[in-house]
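Structural characterization, general
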Amino acid sequence: PFMPTGSENYAPPSFRLVAPVSDVAQDGIAKPGQWYSPELGIAKDSIHATLLFNKQGRILWTQGELGAPRCSSDDAITPRAGSEFEAIEGGCNACPLKDKECETSYALLFHDLDDDFTFQVRISSWSGNQAVRNMNSAIDVGSKGLPFRRGMSIQSVQAVSGKGIKYFKPQFLLESED
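This write-up is about the structure you can find in this document. On a predicted model such as this, the values are computed, not experimentally measured, just so you know.

With that settled, the discussion passes to the nonpolar core. Core analysis: the largest hydrophobic core is formed by 19 residues, its most contacted members being L108, F110, F119, I154 and F172. Those elements that provide at least two residues to this core are β4 (47–60), β6 (103–112), β7 (117–123), α3 (126–139) and β8 (151–160). Counting residues in hydrophobic clusters, the runner-up holds 6 residues, among them C71, C95, L97 and C102.

So, in structure tokens, the structure goes:
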């Protein structure tokens, strides 16, 4: 397991869903639809985990370009320092792009129940956000404590866009409460 000690700046390893066009898939490091951790150098078809933390944010990408986002917020209220729109009085709620181009994002912290380590997943796609909202409804995030102890399988499912493009979207399958 990945467990550094004595580090105040520790960030848990991340997993991301491998897209068919990604460098990771093109180089044969992981298959499209797998969850890949660049820090750990491992790919998994599914991850047996429990949710520890779930935080909503916002992100604004430049249309048609890859790279850093134009603006982002870790709490969906205040833009990060250095973001294009950080100086807007009233923060995210006052931004004219909030409901037009800015997307909801989620920072999720999980614990892998099979391999015993903590990891993060960041979700900002429409289908990813829908999967997180479905997961939140299923575990009733509004109730404190116990729902977060439920195990789940983090997987992906292939989908086809309205333009006929195949892609993978995340899927969070909760275990029964028995």
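Here the focus is the environment of S14. As for its placement among the helices and strands, S14 is situated in the segment before β1 (16–17). On a C-alpha basis, the gap between S14 and Y36 in space is 8.1 Å, while along the polypeptide they are 22 residues apart. Apart from residues no more than four positions distant in its own chain, S14 is found in contact with Y36, S37, P38, E39 and Q120.

This paragraph deals with the sheet that holds β1. Spatial ordering of the open sheet is given by β1-β2-β3, a layout of 3 strands whose pairing is antiparallel. Among the strands making up the open sheet, the edge pair consists of β1 and β3 (42–44).

Here we take up unusual backbone geometry. Even without a glycine there, the phi angle at A76 is positive, about 65°. Looking at where A76 falls in the secondary structure, it is placed in the loop between β5 (71–73) and α2 (91–94). What makes A76 buried here is its relative accessible area of 16%. For D116, which is not glycine, the phi dihedral falls at a positive 55°. Its place among the elements puts D116 in the loop between β6 and β7.

The rules we used
Every chain begins its residue count from 1, and numbering advances along the sequence as written. In keeping with the predicted nature of the model, local features appear solely for residues at pLDDT of at least 70, side-chain atom pairs appear and are counted solely at 80 or more, and the whole-chain, interface and lining totals rest on all residues. The side-chain values count all of the structure's non-hydrogen atoms but skip hydrogen atoms and water molecules. What we call a nonpolar core is a set of buried Ala, Val, Leu, Ile, Met, Phe, Trp, Tyr and Cys residues that are connected through their side-chain atoms within 4.5 Å. Exposed residues in this analysis have more than 50% of their type's maximum accessible area, buried residues have under 20%, and partly exposed residues fall in between, with area computed by a 1.4 Å probe over protein chains only. Secondary structure elements are defined from DSSP: runs of H or I of at least 4 residues count as helices, runs of E of at least 2 residues count as strands, and each element is numbered from the N terminus. Here, two residues are considered to be in contact whenever any of their heavy atoms come within 4.5 Å of each other. The rule for pairing is simple: two strands pair if DSSP sees at least two bridges between them.

Shape is all these values report; function is a separate question.
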